[in-house]
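Chain by chain, the residues:
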Amino acid sequence: MDTRLRIIRRVAAELRDGDYVNLGIGLPTLVADHIPPGIDIVLHSENGLLGVGPSPTEAEVDPDLINAGKETVTAVAGASYFSGADSFAMVRGGHIDLTVLGALEVDQAGNLANWMVPGKMVKGMGGAMDLVAGARRVVIAMEHSTRDGQPRIVPRCTLPFTGLRVVNRIVTDLAVIDVTRDGLVLREIAQHTTLEAVRALTSAAFVVDAPLKRF
Amino acid sequence: MDTRLRIIRRVAAELRDGDYVNLGIGLPTLVADHIPPGIDIVLHSENGLLGVGPSPTEAEVDPDLINAGKETVTAVAGASYFSGADSFAMVRGGHIDLTVLGALEVDQAGNLANWMVPGKMVKGMGGAMDLVAGARRVVIAMEHSTRDGQPRIVPRCTLPFTGLRVVNRIVTDLAVIDVTRDGLVLREIAQHTTLEAVRALTSAAFVVDAPLKRF
Amino acid sequence: MDKRIDSADAAVALIPDGATIMMGGFGLCGIPEMLIAALHRRGTRDLTVISNNAGVDGFGIGVLLEARQVRKMIATYVGENKEFERQYLTRELEVDLVPQGTFAERIRAGGAGIGAFYTPTGYGTLVAEGKESREFDGTHYVLERPLKADFAFVKGDRGDRHGNLTYRRTARNFNPIMATAARVTIAEVETLVAPGEIDPDAVVTPGIYVQHIFLGGPYQKRIERRVVREG
Amino acid sequence: MDKRIDSADAAVALIPDGATIMMGGFGLCGIPEMLIAALHRRGTRDLTVISNNAGVDGFGIGVLLEARQVRKMIATYVGENKEFERQYLTRELEVDLVPQGTFAERIRAGGAGIGAFYTPTGYGTLVAEGKESREFDGTHYVLERPLKADFAFVKGDRGDRHGNLTYRRTARNFNPIMATAARVTIAEVETLVAPGEIDPDAVVTPGIYVQHIFLGGPYQKRIERRVVREG
């Protein structure tokens, strides 16, 4: 199975019936296409839409209706539109049950770095700092290591923080790791990998949950 | 002429074309019936209405449409409704050009007391503290002295403050007095009174504008 | 998303003694009549009620006061109510009076995750006593904290089972902000429609803020000050 | 109340070099196309632009950047724009990046007379550097100040000559809050109707916030990321 698809499917299993969910730009957005049957959720888009629907058909395309990734979308029956201030009041006020975001690094304390690499063009944090500060649950969806095999789950973030102690769970192509008061706990590993492989690609300390599940 | 009517008419002359105006509960509300010809203003009611219209006919009475004094009203064409938070954002943000309020006391510094008499039942300040803090111009409409002839324009308020240095102009049945950086300035006196009478009923110091106008 | 609950009585059964409840309305306009009546029937006690006003004798929050169900009120203007006045003067009822704009903004802050804010309202007055004051760009401000509640009682005009709400005219008042600031918001509406029937551009309270909703009525909508003109 | 102005060109003639201007829009959605184009034609320079994004090459704020009319941008996410990137990296353009929720709340505070507020967003990050941090009830917050502007460019769907505005779908975004936070707000709308034609319950921006209004069009409404499904 494709690495990204593996992450997306595992993240989709995080959704609970009745959740209000914000899916970050990029890979997290794709989770919307994999919502498990029987799970009724409402998608929030921080540009001012609650009730994001699927992509439009050609005939439905409306330039006045986009998501936070600036992609054309539709709205479901029961949707609502609101201003940026109202949208982030919703986010910061703890009304979003779950946000799924990408990351560059996550560390043992649940600190997150996902908006800036010093020396590179900085495009801005958009709504990420507000989402991690406000959402009830923050799940990170990312590839376990960089393209050249460097760990992304690290003892301490080396890149500038997006938020401190904000991550609840990390879902990668190799593992599901929770951030707990006592540090990182490995809950699940992917079917195709081994605990040793996960250890080799994770520089942060973690304990292994027993029984360790497979996904 | 009736004392109250004299005050109301003089206050109505404070209205400028294009003003957004909040008229306080009681006497100030009556100013709405005396808007000079050619002056187009919009009335704000802090319970969430911009564009207050005249009282309804029996047939027009709507329990869902009241002013801040809880009186049934109508709304003009071009009116809008909004929440209490949005209403006071408007007030506090300096968007109301003029508010007219009653007073118990005003002092030389422009301090206002109009919400509480120690020892008496305190009903609350409602929106008065916000209005005086936020409106661009605060005009006080009141009788010049108490029923037993005690001055209400005093060197220093003896009653609890509604706001500090908030009053711009005081309109009474006897006089029009401005609060300036240099203290109170008597601008006008009523047709039926004398400068000596105004002095006798004003314990605050004031200077007399020349020429002193009559109203 | 189906947040419909059977009745006002079923909704208030969720509320324990000692709860803090926000109740929408300005005077008697836009008050959650059904929920207040149900709370009275149930007899829930020792309540803290956050409401702009305190109802009148025999209607609205007035009935809760008469039944001695309220321990404390946070309000901006009170006293159209003899029983309120009696309990207030005898100190049977604790009363916290807040400037109306600060009241509204504290509730908004409660719903919007703002830890505290500086308002110019009340600077130098009794309201500022015991609070931090601070100057920014030559203006004096008072530091105010958010208001939150365990429950909010909200009265909408139209609503759907997702919890989306609209309001009618000045019956909007404090209802939309209170909906955002409680752990559990219960909405009663005059018309319950199917999701999608409310124009998404016209939704005032998005469903995310509402946990339970039911169709109310018939509404009395008493008028406090009926002022009419000839015509 | 007749706030109609003849054209976008007449409106931007009010704006001096060096002005600070808020511009509505999220990406290219809901941007004030007419006003941006008129400002480009007029060549007003040395501007500070407050906008969530910076347009794209050849459209939206992008054309102002190419003409070197912008000295500083306050934004939340940029870089769909090569010319922006060039000026940013060479420091010809000053850029202040703000978290989007803080950006929105600072603008709201600017319009709502709030002196400052505490937000949890950005605590412990670069964004909090040089700012006061403070703990309330176990949560850490950063003190943020209001954002205001000399002018706001707002794009509405329907409007009337009082300045009342509605918005269409996600073209609402930052337009309503920017309308509240400028000394002079100029609105362009797709339909100009008579006062009273907009349901007063559906007004999003009350006329009090708008100083000038005109009928815009034709609108290009370019799409940045056209994603479609079969069907």
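Here is a short report on the structure shown in this document. Keep in mind that what you see is a predicted model, and the values were worked out from it rather than measured.

## What about the overall build of chain C?
Assigned secondary structure in chain C consists of six helices and ten strands. Its C-alpha atoms give chain C a radius of gyration of 18 Å, near enough to 17 Å, the size a compact globule of 231 residues would have. Structurally, chain C occupies a C-alpha span of about 50 × 50 × 40 Å along its principal axes. The buried share among the 231 residues of chain C stands at 65%. For chain C, the proportion of contacts with a sequence separation of at least 24, taken over those separated by at least 6, is 71%. For chain C, the distance from the average site of its 29 positive side-chain charges to the average site of its 30 negative ones is 1 Å.

## A closer look at the environment of T102(C)
With respect to the secondary-structure elements, T102(C) resides in helix α5 (residues 100-112). Take T102(C): its relative accessible area is 0%, and that puts it in the buried class. Taking C-alpha positions, T102(C) is 20 Å from G79(C), a pair spaced 23 residues apart along the chain. If we ignore the near neighbours within four places in the chain, the residues touching T102(C) are D130(B), F117(C), T119(C), T121(C) and E144(C).

## Quick notes on the pairing of strand β8 (residues 138-141) of chain A
Residue and element names in this part refer to chain A. In β8, alternate side chains face the same way, and those of V138 and I140 on one face and V139 and A141 on the other are all buried. With three bridges connecting them, strand β5 (residues 98-101) and β8 associate as parallel partners. Within β8, the residue paired with V100 across the bridge is V139. Of the strand pairs in this sheet, β8 and strand β10 (residues 169-171) are connected by three bridges, and their pairing is parallel. Following the sheet pairing, A141 is matched in β10 by V171.

## A word on the side chain of D178(B)
With respect to the secondary-structure elements, D178(B) resides in strand β11 (residues 175-180). Within the structure, D178(B) has its side chain in polar contact with the side chain of R187(B) (distance 2.8 Å).

## Here we look at the environment of E71(A)
Here E71(A) lies in the loop between β3 (49-52) and β4 (75-81). Overall, the relative accessible area of 26% leaves E71(A) in the partly exposed class. Note: C-alpha distance between E71(A) and D173(A) (102 residues apart in sequence) is 26 Å. When sequence neighbours within four positions are dropped, the list of residues in contact with E71(A) reads T29(A), L65(A), I66(A), R225(D) and V227(D).

Reading the values: rules and limits
- Throughout, a residue's number is its position along its own chain's written sequence, starting from 1.
- Chain letters and ligand numbers both follow the written order, the letters beginning at A and the numbers at 1.
- In keeping with the model being predicted, local features are shown solely for residues with a pLDDT of at least 70 and side-chain atom pairs are shown and tallied solely at 80 or more, while totals for entire chains, interfaces and linings include all residues.
- Based on all heavy atoms of the structure, the side-chain values leave hydrogens and waters out of the count.
- Numbering of helices and strands runs from the N terminus, with a helix taken as a DSSP run of H or I at least four residues long and a strand as a DSSP run of E at least two residues long.
- The globule rule is 2.2 Å times the number of residues to the power 0.38, and the radius of gyration it is compared with is taken over C-alpha atoms.
- Burial here depends on accessible area, computed with a 1.4 Å probe over protein chains only, as a share of the maximum for the residue type. Under 20% is buried, over 50% is exposed, and the range in between is partly exposed.
- Two residues qualify as a contact provided that any one of their heavy atoms is within 4.5 Å of a heavy atom in the partner residue.
- The charged-residue count follows a simple rule in which Lys and Arg add positive charge and Asp and Glu add negative charge, with His and chain termini not counted at all.
- Lysine's charge is taken at NZ, arginine's at CZ, aspartate's at CG and glutamate's at CD.
- Here a strand pair is declared whenever DSSP counts at least two bridges between the two strands.
- N or O atoms closer than or at 3.5 Å make up a polar contact, with two conditions inside protein: a donor-capable atom paired with an acceptor-capable one, and, for residues adjacent in sequence, both atoms drawn from side chains.

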